[in-house]
Amino acid sequence: MSEIKVSSEEMKLVLSKLFLEYSFSKVQAETLAKIHTESSIDGIYSHGINRVPVFIDYINKGLIDIDAIASKVTSMGSIERWDGNLGSGILNALKCTDRAIDLAKANGMGLVALRNTNHWMRGGTYGWRAAEQGCISIMFTNTIPNMPAWGGQENRIGNNPLVISIPRKEGHVVLDMALSQFSFGKMQSLDLKNEELPFNGGWDSNNQLSKNPKDIMNSGRALPVGYWKGSALSMILDMLATLLSAGNSTYKIGLKKNEAALSQVFMCIDPSTFSDAEIQENLLNEIIQFTHDGPPMKMGNKTFYPGERTLSTRLKNQKEGMMVNSKIWEQVLQL
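Here we summarise the structure given alongside this text.

Criteria and cut-off values
Residues numbered from 1 in each chain as written. Predicted model: local features only at pLDDT ≥ 70, side-chain atom pairs only at ≥ 80, totals over all residues. Heavy atoms only, no water. Helix = DSSP H or I, 4+ residues; strand = E, 2+ residues; numbered from the N terminus. Rg over C-alpha atoms; globule rule 2.2 N^0.38 Å. Buried < 20%, exposed > 50% of the residue type's maximum accessible area, 1.4 Å probe, protein only. Contact = heavy atoms within 4.5 Å. Expected span 1.5 Å × (residues − 1). Arc of directions from axis to C-beta. Phe/Tyr/Trp six-rings, centres within 6.5 Å; stacked < 30°, edge-to-face > 60°. Lys NZ or Arg CZ within 6 Å of the ring centre and 35° of its normal. Axes fitted to C-alpha atoms, helices over the stretch in contact; angles between N-to-C directions. Parallel < 35°, antiparallel > 145°, perpendicular 65-115°, else oblique. Nonpolar A, V, L, I, M, F, W, Y, C, P; charged D, E, K, R; others polar. Patch = residues over 30% accessible without salt bridge, like charges linked within 9 Å, V, L, I, M, F, W, Y side chains within 5 Å. Areas by Shrake-Rupley, 256 points an atom, 1.4 Å probe, with all protein chains shown as cover. Salt bridge = Lys/Arg side-chain N within 4 Å of Asp/Glu carboxyl O. Core = buried A, V, L, I, M, F, W, Y, C linked by side-chain atoms within 4.5 Å.

1. Digging into the overall build of the protein
Tallying secondary structure elements over the protein gives twelve helices and 13 strands in all. Against the 2.2 N^0.38 benchmark of 20 Å for 335 residues, the protein shows a C-alpha radius of gyration of 20 Å, consistent with a compact globule. Principal-axis analysis of the C-alpha atoms places the extent of the protein at approximately 55 × 55 × 45 Å. In the protein, buried positions account for 49% of the 335 residues. Within the protein, counting contacts between residues at least 6 apart in sequence, those at least 24 apart form 66% of the total.

As structure tokens, this is what we get:
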């Protein structure tokens, strides 16, 4: 695979110009450029720079309304329901994350359920944002049907991403996972490199489990993480996102050709409510240290807590620049 080194400054500049070209305001364009660049810096190219051409394609198809702003529909204490009005998934998710943080700061806990929004790109973006504001977060979204329920042949459930973050002085803990063994974005990234998956990631057209990302993407059938457990968790998250937002379920989303009008949940908790920050930090470090101290399966390897490798990747790419797929970068420049 041909790659090109791109600095974060260059990427933000190019993307800001691109989003301005598509009539986003200056502030919105800079925000979108910043988020896509930060995802790429953290090594999540699949939902950073690699996703930009798809985002622009959705705008051209009229699936994303660049003029839309998320609006509050109803509220009850620390729980609110919002409508994304088919606007940018990133801008809607940032707004609802910040609102959930504000509700948590005021009430100890805050929940915002969002309907009619679009792909939020890297879900971890909003977990890191909450952690940086001192909040624990639990966030999830439903998707188009892209996995068979366990034991089924046809796609009837989504790989509904789940994000859980915990603030920590020595490095925030951030879990960001899709409920497929590998996200389709990750499979696309490996396919661009002509690499196989390290483990089976889905079924090919012959109903055989496969490590070939292209075969899985062609069949469109990903493998649920944890097999039947991931299948059940996908259904539960879809139910919660749909019920709390009064929005579309994975079933309804799948009735249309493209993935749009999604349902999402943003829940934040302010741990400072308990006034025992030092105890909390010690408890987190105790768990992490116990995990780190375990002997590795292979000599020279080590274990990590969720988000730990992201921090090291971020530091490396900020210092050395990002190695971006040259084909994707050329697409972005042409746009």
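2. Focus: helix α10 (residues 277-292)
Compared with the 22 Å implied by 1.5 Å per residue over 16 residues, the 22 Å span of α10 between its first and last C-alpha is a close match. By the burial criterion, the buried members of α10 are Glu281, Leu284, Asn285 and Ile288. Projected down its long axis, α10 carries its buried residues within an arc of 95°, all on one side. In α10, the exposed positions that point more than 90 degrees away from the buried face belong to Glu286, Ile287 and Phe290. On the buried face of α10, the contacting elements are β8 (162-166) and β9 (173-177).

3. What to know about the packing of aromatic side chains
All chains considered together, the criterion is met by nine aromatic pairs. Ring geometry for Phe19 versus Phe24: centroids 6.3 Å apart, planes at 85°, classification edge-to-face. The pair Phe19 / Phe24 is uniform in exposure class, with both members buried. Of the aromatic side chains, those joined through ring pairs into one cluster are Phe19, Phe24 and Phe55. Over the aromatic face of Tyr305 sits the side chain of Arg168, whose NZ or CZ is 5.0 Å from the ring centroid.

4. Considerations on the packing of helix α2 (residues 26-41) against helix α4 (residues 89-107)
Between α2 and α4, whose axes approach to 10 Å, the crossing angle comes to 90°. Relative to α4, the element α2 is oriented roughly perpendicular. The residues of α4 that touch α2, namely those facing Gln28, Thr31, Leu32, Ile35 and His36, are Ile90, Leu91 and Leu94. Taken together, the residues that form the contact of α2 with α4 break down as five nonpolar, three polar and no charged.

5. Observations regarding a nonpolar patch on the surface
Where nonpolar side chains cluster on the molecular surface, the patch consists of Leu233, Met235, Ile236, Met239, Leu240, Leu243 and Leu244 and spans about 610 Å² of accessible area. Checked against the element boundaries, Leu244 lands in helix α8 (residues 228-245). With relative accessibility at 33%, the residue Leu244 sits in the partly exposed group.

6. Describing the nonpolar core
Ranked by internal contacts, the top residues of the largest apolar core, which has 49 residues, are Leu15, Phe19, Phe24, Ile49 and Phe55. A total of nine residues in this core trace back to one element, the largest contributor, which is α4. Residues within four places of Phe55 in sequence aside, it is in contact with Phe19, Phe24, Leu32, Ile64, Ser88 and Met121. Grouped together as the second largest cluster of nonpolar side chains are 17 residues, Met147, Leu162, Ala222 and Val265 included.

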